[in-house]
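Secondary and tertiary structure notes
One letter stands for each residue in the lines below.
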Amino acid sequence: MKEEVSSALTRGTAFLLTQHRRDGNFEGQLSSSTFPSCAYAWIQFARGETPEPTLTEWFIENQNEDGGWGLDPANISNVEATRFVHLILDQVHQRTPHLSLQKLLASIPRSAPDLALVNLAYAAFDEFDWNELTFSENTLPLMKLVKQLTKIPLLGGRLKPPRHRVPPVALFNTAMFDALFIAEQHTLVPVFILIELNTAKRPEMIASLFAWLKAHVLSDGSWFRVNYITALSVLALIELQEKWEADDEIARLIERGIAWLDKTQNPDGGCREALNLNVWDTALSVITLTEVQPIDAKTALHDAELTDKVRSAAQWLVEHQNSDGGWAFSGLRDSTLPSDGDDTALGTLALIRSVCADTSNDQQTLHAAIHSGITWLKTQQVRDGSWSTYQPGQGDVGCVSITAHAIEALLALDKSDVPDRPNVETEIRRGLNWLRRQIHREGYWRDLWLAKDTYGTACAIAALVKAGLADTAEVHRGIEWLERSQNTDGGWGEDMFGNPTESTVEQTAWSTYALLLANPENRSAQNGINFLLEHQREDGSWQEACVGIYWEIIGGYADPIYASVFPILALNQLSQTRS
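Since the model is a prediction, treat every value here as computed from it, not as a measurement.

Summing up the model confidence of the protein, the mean pLDDT is 92 and the portion of residues at 70 or higher is 93%. In the predicted structure, residues 294-301 sits below a pLDDT of 50 and forms 14 contacts with residues beyond four places in sequence or in another chain.

With that settled, consider the pattern of salt bridges. Here the structure, examined in full by the defined rule, presents 19 salt bridges. The closest approach of N and O atoms between Asp220 and Arg225, which form a salt bridge, is 2.8 Å. Here the two residues Asp220 and Arg225 agree in accessibility, since each one is buried. Between Lys378 and Glu427 there is a salt bridge; the shortest N-O distance is 2.9 Å. One end of the pair, Lys378, is in helix 17 (residues 363-380); the other, Glu427, is in helix 19 (residues 425-437), and 49 residues separate them in sequence.

What follows is about the layout of surface pockets. Any space left empty among the atoms is revealed by the rolling of a water-sized probe across them. Volume-wise, the second largest pocket comes out at about 540 Å³. Elements with a minimum of two residues in the lining of the second largest pocket: helix 14 (278-291), helix 16 (341-357), helix 18 (400-414), helix 20 (453-466), helix 22 (505-518) and helix 24 (562-578). Looking at the lining of the second largest pocket residue by residue, the class counts come to 16 nonpolar, three polar and five charged.

Further remarks concern the packing of aromatic side chains. On inspection of all chains with the given rule, the structure shows 18 aromatic pairs. Ring geometry for Trp58 versus Phe59: centroids 5.5 Å apart, planes at 75°, classification edge-to-face. There is no split in this pair, since Trp58 and Phe59 are both buried. The interplanar angle of 50° and the centroid separation of 5.8 Å between the aromatic rings of Phe181 and Tyr390 together place this pair among those described as tilted. With Phe181 in the loop between helix 9 (175-178) and helix 10 (182-197) and Tyr390 in the loop between helix 17 and helix 18, the pair connects residues that are 209 residues apart, well separated along the chain. The rings of Trp280, Tyr455, Trp510, Tyr550, Tyr557, Tyr562 and Phe566 are connected pair by pair, giving a single aromatic cluster. The lysine or arginine in question, Arg83, covers the ring of Tyr122, its NZ or CZ lying 4.7 Å from the ring centre.

Let us now look at the environment of Leu571. In this fold, Leu571 is placed in helix 24. Measuring from C-alpha to C-alpha, the distance between Leu571 and Leu9 comes to 6.2 Å, with 562 residues separating the pair along the chain. Among residues more than four places away in sequence, those in contact with Leu571 are Val5, Ala8, Leu9, Ile529, Leu533 and Trp542.

Turning to helix 5 (residues 99-107), its buried residues are Leu101, Leu104 and Leu105. Angular distribution of buried residues about the axis of helix 5 spans 100°; they occupy a single face of the element. Residues Leu99, Lys103 and Ala106 are exposed on helix 5 and point more than 90 degrees away from its buried face. The inward-facing, buried residues of helix 5 abut helix 3 (53-61), strand 1 (69-70) and helix 4 (79-95).

In this section: the pairing of strand 4 (residues 500-504). In terms of strand pairing, strand 3 (residues 492-494) meets strand 4 through two bridges, oriented antiparallel. Note that in strand 4 the partner of Glu494 across the bridge is Pro500. Between the end of strand 3 and the start of strand 4, which pair antiparallel, lie five residues, with Gly498 showing a positive phi angle near 90°.

With 13 residues, helix 2 (residues 34-46) extends 18 Å between its outermost C-alpha atoms, agreeing within 8% with the 18 Å of an ideal straight helix rising 1.5 Å per residue. Of the positions making up helix 2, those classed as buried are Thr34, Phe35, Pro36, Ser37, Cys38, Ala39, Tyr40, Ala41, Trp42, Ile43, Gln44 and Phe45. Summarising the contacts, the buried residues of helix 2 are in contact with helix 3, strand 1, helix 4, helix 6 (116-124), helix 12 (227-243) and helix 13 (248-262). Directly beyond the C-terminal end of helix 2, a positive phi value near 80° is found at Gly48.

Another point: unusual backbone geometry. Although it is not a glycine, Lys201 adopts a positive phi angle of roughly 60°. With respect to the helices and strands, the residue Lys201 is situated in the loop between helix 10 and helix 11 (203-215). Positive phi outside glycine occurs at Phe224, with the angle close to 65°. With respect to the helices and strands, Phe224 occurs in the loop between helix 11 and helix 12.

Once that is clear, we can look at the pairing of strand 5 (residues 546-551). Extensive coverage of strand 5 is indicated by the burial of five of its six residues. Pairing analysis gives four bridges linking strand 5 to strand 6 (residues 555-558), with the strands arranged antiparallel. By the bridge assignment, Trp551 is partnered in strand 6 with Gly555. Linking strand 5 to strand 6, which pair antiparallel, is a turn of three residues.

Reading the values: rules and limits
Residues numbered from 1 in each chain as written. Predicted model: local features only at pLDDT ≥ 70, side-chain atom pairs only at ≥ 80, totals over all residues. Heavy atoms only, no water. pLDDT = per-residue confidence, 0-100. Contact = heavy atoms within 4.5 Å. Salt bridge = Lys/Arg side-chain N within 4 Å of Asp/Glu carboxyl O. Buried < 20%, exposed > 50% of the residue type's maximum accessible area, 1.4 Å probe, protein only. Helix = DSSP H or I, 4+ residues; strand = E, 2+ residues; numbered from the N terminus. 1 Å grid on protein atoms, 1.4 Å probe; cavity = no way out; pocket = protein on both sides within 12 Å on 5 of 7 lines; lining within 4 Å. Points joined across faces, edges and corners; volume = space filled by probe spheres on them. Nonpolar A, V, L, I, M, F, W, Y, C, P; charged D, E, K, R; others polar. Phe/Tyr/Trp six-rings, centres within 6.5 Å; stacked < 30°, edge-to-face > 60°. Lys NZ or Arg CZ within 6 Å of the ring centre and 35° of its normal. Arc of directions from axis to C-beta. Pairing = 2+ DSSP bridges. Expected span 1.5 Å × (residues − 1).

As structure tokens, this is what we get:
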């Protein structure tokens, strides 16, 4: 077993090093999914063009046997994804009729309209009433009341916003809009523009919405560096040109937005939702590579290669740190994309680890970046002890994995040789207390950004164990839940809603890692290791699965970096305890 683990670890690490980019970062090719691919086609229609054949072929090749389409690479048929694709392919057929496409359209199951964001696309093609997309402005006081009720613990989880309509456009001029989650704001503004241009046509409202859209375009021409949000923004601008006024500024914004969207199209013809997650990919890779310790000199990697790539990745992180001290999910050098909690926690932790692993680095620069990251984390901690994705209180909630990662970064700082370290004991204690309170009565922690209960539970256990709380009731309950949730093949798997699925490499790896941290002799962890060994490819890689979550309406994504770093961490944890 020791030799098997050593070989797998060495080959896995060697493969991860091949994912290092010339610029210094690590970056995985994110998978294509339905909503961004449909949105990309929609823009081509709006410009009087027919979607290119490779995009149409992507839709055809990804149809399920039941005639539907999934949201993401998990490809579980979804009603709204299917409605969206049906609209796009029907428009293609109307422009370039073909018998095979006609037969395909006939095979697609039909369903009643529900999701407002898909109904918006149907309205754009005159197949849905624009006035039916929103609620009356008279509902704003009721919306305010409902928002207050969601703060009540017993009601908060039960009161869900309606899916079939978006809020009235007048929401834009209220404090409720300012309190929305940042991605919701970026989604609603172009939607409001489209609705307003096709309904009330109020000049002042249109001007205000357009001003907001202009103010929030990023330096690379995108909005929020997300396909669907950028596509909606471009569509709103195209509509502005056609139905309001055409000017050179709008034309430039459209062209820059489309040029950016072109970059989200994958070689398979479909489009991915995010351009990349290069900050997170790079931070995870640095953290993983600095943990790897060769077992056998005969199979050990050449240390210089690993060290050089860790050093250049750390420098890349420094260069892409925002001016406020945090990191965004995708690296821009001008701080126009806002910092978030997870990337800042892992970016800071990666730099701390790189300082400890390589003393030849530019220590002064790294120390300054670490201090800035820690300051950001300290100031962004919520009063209850948690960390959220973006700004606390702006439609955001405390997140288990982000809080766990922030705690790990603060713990690592406390044990490092970084000079003039700030005192972070209070932040660690408050974070741990919040984390312990979040355990579900069944013994798991639920997460927001990766699937789902396995990830939340694994992150919580890892943070608690590293903080010296391995022998607590919460950790024991979390371990028992993971053991109960293990599949018969030794792996773990669930979808973005927490429903059991076939085992995935990523979920098996992070569950195994957490169990090994708590108890190196855990039998379920050993079964997890066996699963990872059995599923590793000859080149050292593992098959990636859809474990990342954009949001429930859009679906998730697969990232090959995840399928490397998490198995390596699990294998390395076993190797350290058995060496």
